[in-house]
Amino acid sequence: MKGPDRIQLVEVGPRDGFQPIGPLIPTAQKIDFIERLHAAGLRRMEVTAFVSNTAVPQLADAVEVLHAAQALPGMDAQVLVPNLRHAERAIAAGADHLAFVVSVSEKHNRNNVRRSPLESAQEYSQIVAAQPRGAAMRLNIATAFDCPFDGPIDPEATLALLDHLVEVNIDAEICLCDTTGRVTPDRVSALLDAARRRFPLAKAWAYHGHDTYGLGLANVIAAWSGGIDVIDASFGGLGGCPFAPGATGNVPTEDVIWMFERMGVAAGVDMQKLLPIACAGAALPGASAGGRVREAIAATARSSSS
Ligand code: MG
């Protein structure tokens, strides 16, 4: 079991973590979270999404949040976009790192963006063409392993969708997303191996998982062992998916950092600074938090002070 000596974490809490929270988080508080996460060493974040304000009122302040995040030194602020119209809004606001999402599952994609996966793939081509020179692209492949409606996804279906996407922009980073949290480490390894064999020219691969069945870290290790050095995680384990019933939070950033620190794998994040931010995130009204490390460290502190 040996992967890269260094990993890049993409902190997705400000988008994926905040999105399902009902009570509106004040914009200033979101920006404060992003600034503190940046101060803890996180330099890449999915800071918001450009989506329908009526469908997702929590992220209606996307422009303001994006601009505040971009002002931080060395910050790579990516924003999620579901279609061309919202991608154009993001580009107009100055976004220079888009994350386009498309599902392998027809039902999930229609639920999410009311299009077939191939219609989304065509829109992806238009978005790539609309991007300014030098802008970065992340391709989020939702339901790459498992669908909330259809169950396990045939790896060949994921690869077939990628056939329509990879060559559109060979510089895109491709993120295989376990939308439901039901994948197991063997399947993470198998799809990753198959994808890299089929698309040897793809520039970078990433993994996005959930801890719904307690397999979050095991799947991260499977991805890392397979050579993936870009891992999505969310502080406090915040997250969920309104279109994936039963999906709980993302893999918690603090749990990922704790594990990799002990394995000698560098992530550039200061755990002492991260922990109180994760605790504050988990305590947000309406938040659904996850993970073990916050409580384990708090319990250790309680027992050593008693
Ligand atoms: Mg997620």
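Structure: above.
The model shown is predicted, which means the values in this text are computed figures rather than measured ones.

> Whenever I open this one, the coordination of the magnesium ion confuses me. Can you help?
Geometrically, a metal with four donors at the corners of a regular tetrahedron has ideal angles of 109.5 degrees, and one with six donors at the corners of a regular octahedron has ideal angles of 90 or 180 degrees. With distances of 2.1 to 2.3 Å, the protein atoms coordinating the magnesium ion are D16 (OD), H208 (NE2), H210 (NE2) and N250 (OD1). Each donor residue of the magnesium ion lies on one chain, and together they are spaced D-x191-H-x1-H-x39-N. In this pair, H210 sits in the loop between strand 9 (204-208) and helix 9 (216-225) while N250 sits in the loop between strand 10 (230-233) and helix 10 (253-262), placing the two residues 40 residues apart along the sequence. This pair shows no difference in class: H210 is buried, exactly as N250 is.

> Quick question: what am I supposed to make of the environment of P26 here?
For P26, the location among the structural elements is in the loop between helix 1 (13-17) and helix 2 (27-39). Residue P26 is classed as partly exposed on the basis of its relative accessible area, which comes to 47%. On a C-alpha basis, the gap between P26 and A278 in space is 17 Å, while along the polypeptide they are 252 residues apart.

> Can you walk me through the nonpolar core in this structure?
Across soluble globular proteins, you tend to see nonpolar side chains buried next to one another. If you look at the biggest cluster of nonpolar residues, it comprises 85 residues, and the most contacted ones within it are V47, L98, I141, W205, Y207 and F260. With eight residues, the next largest nonpolar core counts V56, L80, V101 and A142 among its residues.

> Would you mind showing me how to read the pattern of salt bridges here?
Side-chain pairs of opposite charge can arise where the charged atoms are in close proximity. Across all of its chains, the model carries 17 salt bridges by this definition. A salt bridge links K107 to D150, with the nearest nitrogen and oxygen atoms 2.9 Å apart. Taken together, the residues span a long stretch of sequence, with K107 in helix 5 (residues 106-113) and D150 in the loop between strand 6 (146-147) and strand 7 (151-152) at a distance of 43 residues. The partly exposed category is assigned to D150, whose relative accessible area is 41%. Two residues, D163 and R198, come together in a salt bridge whose shortest N-O distance is 2.8 Å. Separated by 35 residues along the polypeptide, D163 in helix 7 (residues 155-163) and R198 in helix 8 (residues 185-198) bring together distant segments of the chain. When its relative accessible area of 42% is taken as the criterion, D163 is described as partly exposed. With a relative accessible area of 33%, R198 lands in the partly exposed category. Among the charged side chains, a salt-bridge network with shared partners connects R44, D76, R138, E173 and D232.

> For this particular structure, what's the right way to read helix 2?
In an α-helix there are 3.6 residues to a turn, and that puts residues three or four apart on one side. Taking 1.5 Å of rise per residue, the 13 residues of helix 2 would be expected to cover 18 Å, and the 18 Å separating its terminal C-alpha atoms lies within 8% of that figure. In this structure, the buried side of helix 2 is in contact with strand 1 (8-11), helix 1, strand 2 (44-49), helix 3 (62-70) and helix 11 (271-282). Two residues or fewer after helix 2 comes G41, characterised by a positive phi angle close to 115 degrees.

> Teacher, can you tell me more about the packing of aromatic side chains here?
The description of an aromatic ring pair rests on the distance of the ring centres and on the angle between the ring planes. In the structure shown here, the tally under the stated rule is six aromatic pairs. Relative to Y124, the ring of F100 has its centre 5.5 Å away and its plane inclined at 25 degrees; by these criteria the two rings are stacked. With F100 in strand 4 (residues 97-103) and Y124 in helix 6 (residues 117-130), this residue pair connects regions lying 24 residues apart in the sequence. Relative accessible area serves as the criterion here: at 0%, F100 is assigned to the buried category. With a relative accessible area of 0%, Y124 lands in the buried category. Through a chain of ring-to-ring contacts, three or more aromatic side chains come together here, namely F18, F33 and F235.

> Teacher, can you tell me more about the packing of helix 10 against helix 11 here?
Helices that pack against each other are described as a pair by the angle of their axes relative to one another and the distance between those axes. Relative to each other, helix 10 and helix 11 sit at 155 degrees, their axes nearing to 10 Å. Regarding the angle of helix 10 to helix 11, the classification is roughly antiparallel. Considering how the two elements wind past one another, helix 10 and helix 11 form a crossing that is left-handed. Every residue of helix 11 that contacts helix 10 at T253, E254, I257, W258 and E261 is listed here: M271, L274, L275 and A278. Residue composition of the contact of helix 10 with helix 11, grouped by class: six nonpolar, one polar and two charged.

> Sorry if this is basic, but what is going on with the packing of helix 9 against helix 10 here?
In contact at an axis separation of 11 Å, helix 9 and helix 10 are set at 55 degrees when each is read in the N-to-C sense. Here helix 9 is positioned oblique relative to helix 10, judged by the angle of their axes. With respect to the hand of their crossing, helix 9 and helix 10 are arranged in right-handed fashion. Residues L217, V220, I221 and W224 of helix 9 form the contact with helix 10, whose participating residues are D255, V256, M259 and F260. Along the lines of polarity and charge, the residues of the contact of helix 9 with helix 10 split into seven nonpolar, no polar and one charged.

> Explanation requested: the layout of surface pockets in the structure shown.
Empty space left among the atoms is revealed by rolling a probe the size of a water molecule over them. Taken as a whole, the second largest pocket spans an internal volume of roughly 290 Å³. Forming the boundary of the second largest pocket are 15 residues, of which A135, A136, M137, D171 and K203 lie nearest the centre. The residue makeup of the lining of the second largest pocket, split by class, is six nonpolar, three polar and six charged.

> What is the right way to read unusual backbone geometry from this model?
Excluding glycine, most residues fall at negative phi; most peptide bonds, likewise, are trans. Positive phi, close to 55 degrees, is recorded for R114, a residue that is not glycine. When you line up the elements, R114 lands in the loop between helix 5 and helix 6. By relative accessible area, R114 is classed as exposed at 72%.

What counts and how
Residues numbered from 1 in each chain as written. Predicted model: local features only at pLDDT ≥ 70, side-chain atom pairs only at ≥ 80, totals over all residues. Heavy atoms only, no water. Donors = N, O, S within 2.8 Å, 3.2 Å for Na, K, Ca; no water. Helix = DSSP H or I, 4+ residues; strand = E, 2+ residues; numbered from the N terminus. Buried < 20%, exposed > 50% of the residue type's maximum accessible area, 1.4 Å probe, protein only. Core = buried A, V, L, I, M, F, W, Y, C linked by side-chain atoms within 4.5 Å. Salt bridge = Lys/Arg side-chain N within 4 Å of Asp/Glu carboxyl O. Expected span 1.5 Å × (residues − 1). Contact = heavy atoms within 4.5 Å. Phe/Tyr/Trp six-rings, centres within 6.5 Å; stacked < 30°, edge-to-face > 60°. Axes fitted to C-alpha atoms, helices over the stretch in contact; angles between N-to-C directions. Parallel < 35°, antiparallel > 145°, perpendicular 65-115°, else oblique. Left-handed = near helix turned anticlockwise from the far one by under 90°. Nonpolar A, V, L, I, M, F, W, Y, C, P; charged D, E, K, R; others polar. 1 Å grid on protein atoms, 1.4 Å probe; cavity = no way out; pocket = protein on both sides within 12 Å on 5 of 7 lines; lining within 4 Å. Points joined across faces, edges and corners; volume = space filled by probe spheres on them.

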